[in-house]
Amino acid sequence: MLKINNLSKSYGLKKAVNKISFEVNQGEIFGFLGPNGAGKTTTIKMIVGLLKPDEGKILINGFDNQINILDAKGQFCYVPDNPEVFEKITGYDYLQFICDVFKIPNKEREERINYYLEKLLLKNDINSYISGYSHGMKQKIVLIGSLIVNPKILIFDEPMVGLDPKAQHTVKELLAQHCSKGNSVFFSTHVLEVAEKVCDRVAIINNGEIIALGTLDEIRKSIGKDESLENIFLELTEK
Amino acid sequence: MTDFLTTFRFLLKQNLSFHYFFNRLKNDKKYRNMSIIIILVFLFCIPSYAVFIGLFRELFISFQTAHLGSLYLVMAIILSVFLIIFFSFFQIISYFYFSDDVKILTPMPIKPSHYLLSKFFVIYIWELLISMFTVLPFFIIYAVYENIYFYQWIMMIISFVLLPIIPLVVIAIITVVLMSLTNIFKSKDALRMASYILLFVSLVFFQYKIYDVLLTMPEDPEKQLEFGQNLVNNSTFFLEKFSAYYPITKFIEFAVSGSFFESLLSTSIFILLCIGFVYLLSIVLQSIFMKSYLKEQNNRTTKKKKIRTNKKTGVGNVGLSIAKIDFLTLLRVPIYAFNTLSVVILIPVLLIVFSNLMSGGNGEIEELLNLYKNNRDIFWLSVALILTIFSIMNPIASTTFSREGKTNWIMRSLPISAKDHIWGRLLTPLITQVVFMIVMLIIIIFTLAQKGSNISTDIVYGIITFLLAFISSLPLLFISIIIDLKRPMLKWENPQQPVKQNMNVLIAIVVGIIYGTLMYLLYTLLKQFLEIDLIIIIFFIVNISLAYFAYNILYSKFEKSLVVMD
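Keep in mind that this is a model prediction, so the values were computed, not measured. (Residues numbered from 1 in each chain as written. Chains lettered and ligands numbered in written order. Predicted model: local features only at pLDDT ≥ 70, side-chain atom pairs only at ≥ 80, totals over all residues.)

Enquirer: What's the story with the overall build of chain B in this structure? I'm lost.
Expert: Looking only at helices and strands, chain B has 25 helices and zero strands in total. In chain B, which comprises 566 residues, the proportion classed as buried is 36%. A sequence separation of at least 24 residues applies to 83% of the contacts in chain B between residues at least 6 apart. (Helix = DSSP H or I, 4+ residues; strand = E, 2+ residues; numbered from the N terminus. Buried ≥ 20, exposed ≤ 12 C-beta atoms within 10 Å, placed from the backbone. Contact = placed C-beta atoms within 7 Å.)

Enquirer: Whenever I open this one, the confidence of the model for chain B confuses me. Can you help?
Expert: Interpretation of this model should avoid reading the predicted coordinates in detail wherever pLDDT is low. Confidence in the prediction of chain B, expressed as mean pLDDT, is 82, and 89% of residues score 70 or more. Predicted confidence in chain B is weakest over helix α18 (residues 362-374) of chain B, with a mean pLDDT of 70, and strongest over helix α22 (residues 455-486) of chain B, with 93. (pLDDT = per-residue confidence, 0-100.)

Enquirer: What is the right way to look at the interface of chain B and chain A in this model?
Expert: On the chain A side, the residues contacting the 33 residues of chain B number 31 residues. When contributions to the side of chain B that touches chain A are tallied by element, the ones reaching two or more residues are α14 (260-302), α15 (318-332), α20 (408-413) and α25 (532-563) of chain B. Per element, the largest residue contribution to the side of chain B that touches chain A is six residues, and it comes from α15(B). Counted by class, the side of chain B that touches chain A contains twelve nonpolar, ten polar and eleven charged residues. (Nonpolar A, V, L, I, M, F, W, Y, C, P; charged D, E, K, R; others polar.)

Enquirer: Is there a simple way to explain the sheet that holds strand β4 (residues 55-60) of chain A in this structure?
Expert: Pairing between the strands of a sheet is mediated by backbone hydrogen bonds and can be parallel or antiparallel. Residue and element names in this part refer to chain A. Strand order in the open sheet formed by four strands is β2-β1-β4-β5, and the pairing between neighbours is antiparallel. Either end of the sheet is taken by a strand with one partner, and the two such strands are β2 (14-24) and β5 (63-64). In this structure, β4 lies alongside β5, joined through two bridges in antiparallel fashion. Among the inter-strand pairings, Leu59 is bridged to a residue of β5, identified as Asp64. (Pairing = 2+ DSSP bridges.)

Enquirer: Even after reading the chapter, I still don't get unusual backbone geometry, so can you show me in this structure?
Expert: Of all residues except glycine, most have a negative phi; of all peptide bonds, most are trans. Residues and elements named next belong to chain A. Positioned with a positive phi, Asn6 is a non-glycine residue whose angle comes to about 60°. Note that Asn6 resides in strand β1 (residues 2-11). A positive phi angle, close to 55°, is found at Leu121, a residue other than glycine. Within the fold, Leu121 resides in the loop between α4 (106-119) and α5 (135-147).

Enquirer: Teacher, can you tell me more about the nonpolar core here?
Expert: A general feature of soluble globular proteins is that nonpolar side chains tend to end up buried together. Residues B:Leu73, B:Phe138 and B:Ile481 are the most contacted members of the largest nonpolar core, which totals 113 residues. There are two domains that each give this core at least three residues, and those are domain 2 (67-218 + 229-298) and domain 3 (318-563) of chain B. Those residues in contact with B:Ile481 that lie beyond four places of it in its chain are B:Ala397, B:Thr400, B:Ile422, B:Arg425, B:Leu426 and B:Leu554. Counting 87 residues, the second-largest nonpolar core is a separate cluster that includes A:Cys77, A:Val79, A:Ile153 and A:Phe187. (Core = buried A, V, L, I, M, F, W, Y, C linked by C-beta atoms within 7 Å. Domains from an automatic or database assignment.)

Enquirer: Would you mind going over helix α13 (residues 249-257) of chain B with me for this structure?
Expert: For an α-helix, the turn length of 3.6 residues means that residues three or four places apart are oriented alike. In terms of residue burial, α13(B) counts as a mostly covered element, since eight of its nine residues are buried. When we look at burial in α13(B), the residues that qualify are B:Thr249, B:Phe251, B:Ile252, B:Glu253, B:Phe254, B:Ala255, B:Val256 and B:Ser257.

Enquirer: What is the right way to look at the domain arrangement of chain B in this model?
Expert: Residue and element names in this part refer to chain B. The domains assigned to chain B are domain 1 (17-65), domain 2 (67-218 + 229-298) and domain 3 (318-563). At the junction of the two partners, domain 1 supplies six residues and domain 2 supplies nine residues. Along the lines of polarity and charge, the residues of the side of domain 1 that touches domain 2 split into four nonpolar, one polar and one charged.

Enquirer: What exactly am I supposed to notice about the sheet that holds strand β3 (residues 29-33) of chain A here?
Expert: Residue and element names in this part refer to chain A. What the six strands build is an open sheet, ordered β6-β7-β8-β3-β9-β10; its pairing is mixed. The outermost strands of the open sheet, each flanked by one partner alone, are β6 (76-79) and β10 (209-214). Ignoring which end each strand starts from, the neighbouring axes of this sheet average 15° apart. Pairing geometry for β3 and strand β9 (residues 201-206), over four bridges, is parallel. Bridging from a neighbouring strand, Phe30 pairs with Arg201 of β9. This element, helix α6 (residues 165-180), spans β3, β7 (153-157) and β8 (184-189) of the sheet and lies at about 145° to β8. Its contacts with the sheet put helix α9 (residues 229-237) on β3, β9 and β10, and the angle it makes with β9 is roughly 30°. (Axes fitted to C-alpha atoms, helices over the stretch in contact; angles between N-to-C directions.)

Enquirer: Would you mind showing me how to read the packing of helix α21 (residues 418-450) of chain B against α22(B) here?
Expert: For any two helices packed against each other, one specifies the crossing angle of their axes together with the interaxial distance. Residue and element names in this part refer to chain B. Contact pair α21 / α22: the axes reach a minimum separation of 9 Å and the direction vectors enclose 155°. As judged from the angle between their axes, α21 and α22 are roughly antiparallel. The crossing of α21 and α22 is right-handed. Along its contact with α21, which presents Ile422, Arg425, Leu426, Pro429, Leu430, Gln433, Val434, Met437, Leu441, Ile445, Leu448 and Ala449, the element α22 presents Ile455, Asp458, Ile459, Gly462, Thr465, Phe466, Ala469, Phe470, Ser473, Leu477 and Ile481. Tallied by class, the residues present in the contact of α21 with α22 amount to 17 nonpolar, four polar and two charged. (Parallel < 35°, antiparallel > 145°, perpendicular 65-115°, else oblique. Left-handed = near helix turned anticlockwise from the far one by under 90°.)

Enquirer: Explain the pairing of β4(A) to me, please; I cannot follow it from the model alone.
Expert: Two faces belong to every sheet, and in a regular strand the side chains alternate between them. All names here are of chain A. In this sheet, β4 lies alongside β1 in antiparallel orientation, the contact comprising five bridges. Note on β4: the bridge partner recorded for Lys3 is Leu59. If you look at the hairpin formed by β4 and β5, you'll find two residues sitting between the two strands, and Asn61 has a positive phi there, around 50°.

Enquirer: Which parts of the structure should I look at to understand the pairing of β1(A)?
Expert: Residue and element names in this part refer to chain A. In the sheet, β1 pairs with β2 via seven bridges, with the strands oriented antiparallel. Across the sheet, the residue bridging to Lys3 is Glu23, located in β2. What sits between the antiparallel neighbours β1 and β2 is a turn of two residues, in which Gly12 has the positive phi angle 65°.

Below, the structure is given as structure tokens:
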């Protein structure tokens, strides 16, 4: 579903991402872990077309995001780490805009919008201007905007930040539901507990390089210790 | 005082940081290349600026010959006040009400009046910089040609530096009171916009009337004689007359013509008066502003509309959907609305005011009408050119990406084709331009009809002018979008920055001036060989071709430019 091959990006002399390669398979939830400044957001921004890689290839459902830009963008929905949304429109207008872009038929969009609004408890605020939303509400509206599209792959950068525990639980359920339909989820997180519970496979990035990749069991085997993800993460990133 | 200085230094650094500029220049190749282009654009503007200074000088010499030297300084003071009215109102709103730093500074242990005054002085520095390029040359030319003394030079420069403070304080107080009063109304943004337009037009009207009164010769023969004698013998006659309406002028008068003690005393009083006004402002800011600011913040977080019961669907078309968001944002952010949409009302209103004020006697009207009838073609071509250039002067298109700021990730990561992006972003500036052109042409046609011109002929000319200006606006709007696509200003602290402190707007204006010059040169070349009808057809062909090329350049660069935009 998502294929990253030999991807690199530098900011001046600093190598933010250094020749990383991995794959996200169909129907799986893939966690992308790493300490602050490890290269997670840079990688995600290159995948979604917000940054140009210095080298390497990104295939999204078979489309090269440097060549078939529009086709590649049609395969995913992205939620950034800081959900800045158009402030002077209502949440409902924002969702309608997303539906317009992805050409979702009118009847279907109403059903989908209502379903996710109820799930994430945002129905009462949907006709308010986004400028009046809290951080968590903005996060919810952007998440709903990505879920209503039902894309082949969801790409989230720290999706749980700002969400209350109930909403976090709902999001985890919705991600599993999304993958059960044969779609995939690729997300970065600091919350190792979430990654441990939700992800089928994880990659750990540190100083721009992938230092561990696979299922939790595979990673445990490779380092030869039967530890929690938190301990594995701390051990690998402190080296 | 230390609080004030610390915050002032911090805010000044944030707004005018040369260190940041040079650091980025050193480390960012793309920024460096773009800066070189901008510097070249500035260098290109120097000869034009020199020509303007030359014109100011010529104007002064002709004024001096007619014993109107002091009127020249009155003009400079009027210009200074006009610039402050024009630029500062929304600058104050955006610096005080929509700036992130007030949110950061409010919880800190700093007296609100200290950080609010430091914000006021940042605005003052901007105003002073604008005045240095526009108003200061008037003062220098006056001083050089009137051979004023050295101490008068010093007092004049001090007075010039102080000149923006009092009008700026007055505008700030009016703004704070207006914002506070309109807070209780439902459609407060619309009300604020209407109040500002009314205030602006009234002030311009008032200034023009004063100017008119100053120049009108009294009807009483005795007073006429006195007027004539004053004109010849009194070098500061108009400054004295104008000070009856605008007392600050008195300080300028003493600074440039008084004895050493008069000059020193008047400048000292001027300094004290400015301090007094600033103190008054600090009281207003501390009491009225803080209350209305907190109320405004409270409104923002609690503002909820009633849930709609009727189902609403989207626009359907992606381009239209983009245009809808663009238009709603322009309309709902007062700073954007004022800088982009209000000019559609403001400029025609000013045109009506001035055309009525400038109506002279019957003889003059007849003369003007004959002049118009003999040069009808060139008049309407000039109107078409001015209307066309307005399309690029209006910053809607040249800030289309910049205004998105931190939300730019949405449009950039969605699967929107280049075609939809372009038409979506073109629609709002184009509709604004069409409305502006229609309003302006109707006013021009009716003004001419009022003065006795044939309305049906003028309507035909008006329609051709509209079509030509519409077609000619397209390439300029495409170029504006290219400029902002190539170097958007995505990181800003308050919404004033992407429209008022954005170099793209300036570059677009320079492109507009170059376009205007080239079209004028093309006209002067063609008129030697061709009839006017053929010239108009050639203008249509040239502009359609330009639009085609500009669109293709924009289309081919679009998708890849979105990736490297950040």
